[in-house]
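Remarks on the overall topology
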Amino acid sequence: MTSPRGRRPSARERQQGSRVPPKSSSRSRPAVPSPPSPVLGRQLGDELRRFREAAGFSTADAAEFLDCTKGKISRIENGHVPVRTPDLTALIHAYGATDQVARDRLASLARSANRRRREGWWHQFGDVLGDTYRDHIEMESICDGIKTFQVQLVPGLLQTPAYGRAVTVASRAWQTAEEVDQFVQVRMARQERLTGDAPLEFWAVLMEGVLRQQVGGPTVMHDQLQHLVDLAERPNITVQVLPFSRGAHPGMFGPYLMLSFPRVSALDLVLTESPTGNIWIERESDVAQYRELFDDARTSALPPTESLSMIRRIAKEHRP
């Protein structure tokens, strides 16, 4: 679940992008998701990479200058994240770019790319989306693969509307029916990434408890598990179940997802989930640990075919 409870967030939660209760909202339905200005972002990133290499800087050098991680530099240069004006100015200065025409061109590219990013379909729902969740949707729109481990809930991209609504209501992060409706609309719109043009590769390992938790009641759970089976028949979606009988394992302490990107030089991202705010992890050594955790989970889980048999069996148990 990607939202905190409905209370005043602490300073740390605000820093992590936790949701602040909305002042107003609109009821418009989201358009089909589309990537946010990939051409302009890559063009800007390519230019910055050329300046960095010409200056003899490594990504580690650039990261040290901006006081950020190498992962952020990589995503800037691959066009995956917007470049703030202060960061762009600092990088241009660090790389010794003195050509005013080139500097103006970089600034113009950054303004155009950032403006296009602000036009992403999800921004019309800014009142009900926290900063981290908007970042999540934007990264999801441009990644080409997601691997996720879930302890308690069906992943958002695999949820039915009824299941998603039950989860949203239970979170207590929204005070009105309209806010709930909007958040569910956003979740359903995100699912276009699994079925639209160039669908991403999605691999989920679910604890058995995900299948047995009565979210929304027997009918909702029966339909949700049948939906999982139907989705898993798609060539880009893999679902595995880690049964209770496997006992203790390293990944049982919390949910997470890993996002991978098309370019070889782009580093993977991990998003960890908690009730008080989600956190992006981008340090290479930390991401590598989560990669190992997922490999351990998938090898411990039932194979996909056996997993689907288990899901069908439990779905029958939920049938009202």
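Values in this document were obtained by computation on a predicted structure and should not be read as measured data.

The next point concerns unusual backbone geometry. Across residues other than glycine, the phi torsion is negative in most instances, and most of the peptide bonds are trans. Of note in this structure, Asp 67 is not a glycine but carries a positive phi near 55°. Phi is positive for Ala 198, which is not a glycine, with a value near 50°. As for its position among the elements, Ala 198 is in the loop between helix H10 (192–195) and strand E2 (201–207). Of the residues examined, Ala 198 reaches a relative accessible area of 64% and is grouped as exposed.

Enumeration over the complete set of coordinates arrives at 11 salt bridges. Ionic pairing is found between Glu 77 and Arg 49, a salt bridge with its closest N-O pair at 3.5 Å. Of this pair, Glu 77 sits in helix H4 (residues 70–77) while Arg 49 sits in helix H2 (residues 38–54), and the two are 28 residues apart along the sequence. Classification of Arg 49 by relative accessible area gives buried; the value is 17%. Lys 70 serves as the salt-bridge partner of Glu 284, at 3.0 Å between the closest nitrogen and oxygen.

In the structure shown here, the tally under the stated rule is 4 aromatic pairs. Ring plane angle 90° and centroid distance 5.9 Å describe the contact between Trp 203 and Phe 294, whose orientation is recorded as edge-to-face. Note that Trp 203 is positioned in strand E2 and Phe 294 in helix H13 (residues 284–300), a separation of 91 residues in sequence. Given a relative accessible area of 25%, Trp 203 falls into the partly exposed group. Centre to centre, the rings of Tyr 256 and Tyr 290 are 5.1 Å apart; their planes meet at 65°, and the pair counts as edge-to-face. Within this pair, whereas Tyr 256 is found in strand E4 (residues 256–260), its partner Tyr 290 is found in helix H13, the two being separated by 34 residues in sequence.

On average, residues of the protein score 80 in pLDDT, and 79% of them reach the 70 mark or higher. Mean pLDDT across the elements of the protein bottoms out in helix H1 (residues 11–16) (32) and peaks in strand E3 (residues 237–242) (98). Scored below 50 in pLDDT, residues 1–37 makes 102 contacts in the model with residues more than four places away or belonging to other chains.

Right, let's talk about the environment of Thr 195 for a bit. Relative to the assigned elements, Thr 195 resides in helix H10. Of the residues examined, Thr 195 reaches a relative accessible area of 42% and is grouped as partly exposed. Between the alpha carbons of Thr 195 and Asn 236 there is a distance of 9.0 Å; along the sequence they are 41 residues apart.

Before going further, it helps to spend a moment on the pairing of strand E5 (residues 269–272). Of the two faces of E5, the one lined by Leu 269 and Leu 271 and the one lined by Val 270 and Thr 272 are each fully buried. Across 4 bridges, the pairing between E4 and E5 is antiparallel. Its bridge partner lying in E5, Tyr 256 is registered against Thr 272. Two strands pair when backbone bridges link them, and E5 and strand E6 (residues 279–281) are joined in this way by 3 bridges, in the antiparallel orientation. Bridge assignment links Val 270 to a residue of E6, and that residue is Ile 281.

This paragraph deals with helix H12 (residues 218–232). For H12, with 15 residues, the first-to-last C-alpha span of 21 Å sits near the 21 Å given by 1.5 Å per residue. For H12, the complete set of buried residues consists of Val 220, Met 221, His 222, Gln 224, Leu 225, Leu 228, Val 229, Leu 231 and Ala 232. Residues of H12 that are buried sit in contact with helix H8 (161–171), E2, helix H11 (208–212), E3 and helix H14 (304–318).

Turning our attention to the sheet that holds strand E1 (residues 145–150). Pairing between the strands of a sheet comes from backbone hydrogen bonds, and it takes one of two forms, parallel or antiparallel. The strand order E3-E2-E1-E4-E5-E6 describes an open sheet built from 6 strands, whose pairing is mixed. Edge positions in the open sheet fall to E3 and E6, since each of these has one partner strand only. Strand-to-strand twist across the sheet, computed as the mean angle between neighbouring axes with direction ignored, equals 15°. Packed on one face of the sheet, H13 meets E1, E2, E3, E4, E5 and E6 and runs near 110° to E4.

Once that is clear, we can look at the packing of helix H3 (residues 59–66) against helix H5 (residues 85–94). When two helices pack together, you describe them by how their axes are tilted relative to each other and by the distance separating the axes. Orientation of H3 relative to H5, taken along the N-to-C sense of each, is 125°, at an axis distance of 10 Å. The orientation of H3 relative to H5 falls into the category oblique. The handedness of the crossing between H3 and H5 comes out as right-handed. When H3 is examined against H5, the residues Ala 62, Phe 65 and Leu 66 are found in contact with a partner set consisting of Asp 87, Ala 90, Leu 91, His 93 and Ala 94.

Rules used in this analysis
Residues numbered from 1 in each chain as written. Predicted model: local features only at pLDDT ≥ 70, side-chain atom pairs only at ≥ 80, totals over all residues. Heavy atoms only, no water. Helix = DSSP H or I, 4+ residues; strand = E, 2+ residues; numbered from the N terminus. Buried < 20%, exposed > 50% of the residue type's maximum accessible area, 1.4 Å probe, protein only. Salt bridge = Lys/Arg side-chain N within 4 Å of Asp/Glu carboxyl O. Phe/Tyr/Trp six-rings, centres within 6.5 Å; stacked < 30°, edge-to-face > 60°. pLDDT = per-residue confidence, 0-100. Contact = heavy atoms within 4.5 Å. Pairing = 2+ DSSP bridges. Expected span 1.5 Å × (residues − 1). Axes fitted to C-alpha atoms, helices over the stretch in contact; angles between N-to-C directions. Parallel < 35°, antiparallel > 145°, perpendicular 65-115°, else oblique. Left-handed = near helix turned anticlockwise from the far one by under 90°.

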